[in-house]
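Okay, here's what each chain looks like letter by letter:
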Amino acid sequence: MRKPLFTICLATLALLMTGCSSKKEKDNKKGESQTEQTFVFEEDEEYTELTKVDLPCSKELLYNAWKQIGLVDPQKKKGLDYKAHTPSLYISTDLDKDGNAEVLMRGEPPYAAIFTFMKDSVHLVALVDQKEMGLSITQDGTIWRSGIGSKGSSISEFIKLENSQIAASGVTKESFVIKDGQMVSGGTQFMLQSDSALVEVSKDEFFQVAPQQNGTYLEDIEGWDDFRKP
């Protein structure tokens, strides 16, 4: 059975540290591992299917855009290095239904990125910037980035596109603390993008903007094309 995105249904730190590569194992142990939840979406078990469209530009342009991501964390001289890894799979689709294509690209796990093509140039919309992260797509074309932040916090970020540009985005960050010998939630921050900064908002304000839909991880979406073929 295809897996919906857990989105911001948050589990214990032990579950989170298994990373995106063990999602199937997460599903099997879900009942055992979750202890305390701040909030949870209603799971509808619906699967995101993407309608393919023609590539909006040449593969050469997309390849160069991928390579230009380079080293994600150059200051620390470590992290994911897109320049050293070649994309192997892609799907060209129209996430925001504006008539312009977005291109989802994947390389060797965990490398993945999403680009849009506008005004004759390729623009990066979202990428995986750490190993413990997953990219997913909801049925309405919203992008989710879910991963682990500093000190084991759980982070989920949504990105909504409109006219091939980021129209809205926001982040939830849940910390975890040890209480009575158990790992429990230490609270959740809700933040929405305002101009060039993230602004903390209430839960209600956040969900007036954030999608309330489950998504499907890129690796679980079907219909990928081979980027290496002519």
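Notes on the structure follow. (Residues numbered from 1 in each chain as written. Predicted model: local features only at pLDDT ≥ 70, side-chain atom pairs only at ≥ 80, totals over all residues. Heavy atoms only, no water.)

## Side note on the packing of aromatic side chains
Tallying each qualifying case throughout the model produces eight aromatic pairs. On the numbers, 4.9 Å between centres and 65° between planes, the contact of Trp-66 with Tyr-82 is edge-to-face. Remark: Tyr-82 occurs in the loop between β2 (78-81) and β3 (89-93) and Trp-66 occurs in helix α4 (residues 59-69); sequence separation between them is 16 residues. Here Trp-66 and Tyr-82 have matching classes, each one buried. (Phe/Tyr/Trp six-rings, centres within 6.5 Å; stacked < 30°, edge-to-face > 60°. Helix = DSSP H or I, 4+ residues; strand = E, 2+ residues; numbered from the N terminus. Buried < 20%, exposed > 50% of the residue type's maximum accessible area, 1.4 Å probe, protein only.)

## Quick look at the side chain of Ser-169
Note on placement: Ser-169 falls in strand β10 (residues 165-179). Judged by relative accessible area, Ser-169 falls into the buried class, the value being 11%. Residue contacts for Ser-169: discarding those within four places in its chain leaves Phe-158, Ile-159, Leu-192 and Gln-193. (Contact = heavy atoms within 4.5 Å.)

## Some details on unusual backbone geometry
Keep in mind that most residues, glycine aside, have a negative phi and that most peptide bonds are trans. The amide bond that connects Pro-109 to the next residue, Pro-110, takes the cis arrangement and shows omega of 10°. The backbone of Asn-163 shows a phi angle near 55°, a positive value even though the residue is not glycine. Along the polypeptide, Asn-163 turns up in the loop between β9 (154-162) and β10. In this structure Asn-163 comes out as partly exposed when scored by relative accessible area, which is 49%. With phi around 65°, Ser-164 is a residue other than glycine that occupies positive phi space. Of the residues examined, Ser-164 reaches a relative accessible area of 2% and is grouped as buried.

## Quick look at the sheet that holds β3
Strands sit in the order β6-β5-β4-β3-β14 across an open sheet of five strands; the sheet is antiparallel. Sheet topology places β6 (121-127) and β14 (225-226) at the edges, where each strand pairs with a single neighbour. Pairing of β3 with β14, which is carried by two bridges, proceeds in the antiparallel orientation. When the sheet's bridge partners are listed, Tyr-90 is paired in β14 with Asp-225. Here α4 sits on the sheet and contacts β3, β4 (102-106), β5 (112-118), β6 and β14; the angle it forms with β5, its principal contact strand, is near 125°. (Pairing = 2+ DSSP bridges. Axes fitted to C-alpha atoms, helices over the stretch in contact; angles between N-to-C directions.)

## Observations concerning the nonpolar core
With 35 residues, the main nonpolar core has Ile-137 and Ile-143 as its most contacted residues. If you tally residues by element for this core, the top one is β5, at five residues. (Core = buried A, V, L, I, M, F, W, Y, C linked by side-chain atoms within 4.5 Å.)

## Quick word on the pattern of salt bridges
With the rule as written, the count across this model stands at four salt bridges. Glu-157 serves as the salt-bridge partner of Arg-145, at 2.6 Å between the closest nitrogen and oxygen. In this pair, Arg-145 is assigned in strand β8 (residues 143-148) and Glu-157 in strand β9, connecting sequence segments 12 residues apart. Across the pair, Glu-157 and Arg-145 agree in class, each one buried. Each of the salt bridges in this network shares a partner with another, and the network as a whole consists of Asp-129, Arg-145 and Glu-157. (Salt bridge = Lys/Arg side-chain N within 4 Å of Asp/Glu carboxyl O.)

## What to know about the pairing of β10
The side chains of a regular strand alternate between the sheet's two faces. Where β9 and β10 come together, nine bridges link them in antiparallel fashion. What sits directly across from Lys-160, in β10, is Ala-168. Hairpin connection between β9 and β10: a loop of two residues separates the two successive antiparallel strands, and Asn-163 in this loop has a positive phi of roughly 55°. Pairing of β10 with strand β11 (residues 182-194) involves 10 bridges; the strand directions are antiparallel. Looking at β11, one finds that Thr-172 is bridged to Phe-190. Joining the antiparallel neighbours β10 and β11 is a turn of two residues, in which Asp-180 adopts a positive phi near 55°.

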